[in-house]
Amino acid sequence: MSENDTQERELFTGESGKTLFVQPFENIGEADKQNREGQRLYKKLEETKDDRSKVLVAALIVEYEINKILEMIFRKPKKIIENRDVSFALKIDLIEGLGLIPQHIIDCADAVRTVRNKYAHELDIDSLSNLDKAIVNMLVTRHGKIPQMNKDKIEDVRELFRRICFVAISGLALYEYNIKCLIEAINDHAFLTELERKNQERQQNILKELMPFAETVDLKGGGKVLRLGTEEFEAWRKSKEDNS
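Residues numbered from 1 in each chain as written. Predicted model: local features only at pLDDT ≥ 70, side-chain atom pairs only at ≥ 80, totals over all residues. Heavy atoms only, no water.

### Observations regarding unusual backbone geometry
For residues that are not glycine, phi is negative in most cases, and the peptide bond is trans in most cases. Phi angles above zero are rare outside glycine, and Gln-148 is one such case at about 75 degrees. The residue Gln-148 is located in the loop between helix H7 (133–144) and helix H8 (157–187) in this model. Gln-148 gets classed as partly exposed once you look at its relative accessible area, which sits at 46%. (Helix = DSSP H or I, 4+ residues; strand = E, 2+ residues; numbered from the N terminus. Buried < 20%, exposed > 50% of the residue type's maximum accessible area, 1.4 Å probe, protein only.)

Okay, here's the thing in structure tokens:
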């Protein structure tokens, strides 16, 4: 990987511990396909001349990338993607709620959605430079949270929006491969077997902790059963709840 590639990938690096993934995985096998797809989408964006069209196309591309992720995650994605009651905003909330992708990428996607809504509901706005101060301040704030870009002070609103679009679209596209790998791992039989083994081990450890508090009770029809109802058990259970 070249120095430029490394610096560019740092734009999409998140804070450790904040999300499941903080860096895009290397994807050598599908790099060419991914580059072609990216070039195709950016060509559509660059071919739009006026700001209104550029904003609408950018929002369509961001939603397209989000839909691709939702298709990988959900067993029945059409219930979400093709449901008219599921808005662009709700799709972004779903991606954010999963906690898979660095927050600044989600924030950039939401910034594109916010600007799109402004254009969709106000006919008099023809230029990005005419956006109201609150929207511009939001773009500045979102830009300020992008690694490697946050040191640059950008006053041109078009350039701000271009950068935010780049991070949103490219970031979502890059992390698609991470999510693909995650879903494949979860669906692997070995993963499920190991998950079941760990759960059995956990239950056995819990049972060992409970045994000192168990008492044997005779059943009317014959046989015996263990009962956990002693005061010592209640005190132990409460201590576990307090520490959880």
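### Some thoughts on a nonpolar patch on the surface
On the surface, a nonpolar cluster with roughly 340 Å² of combined accessible area is contributed by Ile-186, Phe-191, Leu-192 and Leu-195. Per element, the largest residue contribution to the nonpolar patch is three residues, and it comes from helix H9 (residues 189–210). For Phe-191, the location among the structural elements is in helix H9. Residue Phe-191 is classed as partly exposed on the basis of its relative accessible area, which comes to 37%. (Patch = residues over 30% accessible without salt bridge, like charges linked within 9 Å, V, L, I, M, F, W, Y side chains within 5 Å. Areas by Shrake-Rupley, 256 points an atom, 1.4 Å probe, with all protein chains shown as cover. Salt bridge = Lys/Arg side-chain N within 4 Å of Asp/Glu carboxyl O.)

### As for the side chain of Asn-178
On the secondary structure map, Asn-178 appears in helix H8. For Asn-178, a relative accessible area of 0% gives the class buried. Reaching out from Asn-178, the side chain makes a polar contact with the backbone oxygen of Gln-23 at a distance of 3.0 Å. For Asn-178, the contacting residues outside a window of four places in its chain are Phe-21, Gln-23, Pro-24 and Phe-25. (Polar contact = N/O pair within 3.5 Å; in protein donor to acceptor, adjacent residues only side chain to side chain. Contact = heavy atoms within 4.5 Å.)

### Brief notes about H7
Look at H7: 16 Å from first C-alpha to last across twelve residues, which is about the 16 Å you get at 1.5 Å a residue. When we look at burial in H7, the residues that qualify are Ile-135, Val-136, Met-138, Leu-139, Arg-142 and His-143. Viewed along the axis of H7, the buried residues span an arc of 155 degrees, placing them on a single side of the element. Facing away from the buried side of H7, by more than 90 degrees, are the exposed residues Lys-133 and Ala-134. Its buried side turned inward, H7 meets helix H6 (103–121) and H8. (Expected span 1.5 Å × (residues − 1). Arc of directions from axis to C-beta.)

### Regarding the pattern of salt bridges
With the rule as written, the count across this model stands at 14 salt bridges. The partner of Arg-158 in a salt bridge is Asp-51, and the shortest N-O contact between them spans 3.0 Å. Highlighted residues: Arg-158 in helix H8 and Asp-51 in helix H3 (residues 51–73), separated in sequence by 107 residues. Overall, the relative accessible area of 40% leaves Arg-158 in the partly exposed class. Ionic pairing is found between Lys-118 and Glu-122, a salt bridge with its closest N-O pair at 3.0 Å. A relative accessible area of 18% places Lys-118 in the buried class. Beyond isolated ion pairs, a larger network of salt bridges with shared partners links Glu-65, Lys-68 and Glu-176.

### A few points about the packing of H3 against helix H5 (residues 88–98)
When two helices pack together, their arrangement is captured by the angle between the axes and the distance separating the axes. Where H3 contacts H5, the two axes come as close as 10 Å, and the packing angle between them is 50 degrees. On the basis of their axis angle, the class for H3 and H5 is oblique. Of the two possible hands of crossing, H3 and H5 adopt the one that is left-handed. Across the interface between the two elements, Ala-59, Val-62, Glu-63, Ile-66, Asn-67, Ile-69, Leu-70 and Ile-73 from H3 touch Phe-88, Lys-91, Ile-92, Leu-94, Ile-95 and Leu-98 from H5. Of the residues contributing to the contact of H3 with H5, the split by class is eleven nonpolar, one polar and two charged. (Axes fitted to C-alpha atoms, helices over the stretch in contact; angles between N-to-C directions. Parallel < 35°, antiparallel > 145°, perpendicular 65-115°, else oblique. Left-handed = near helix turned anticlockwise from the far one by under 90°. Nonpolar A, V, L, I, M, F, W, Y, C, P; charged D, E, K, R; others polar.)

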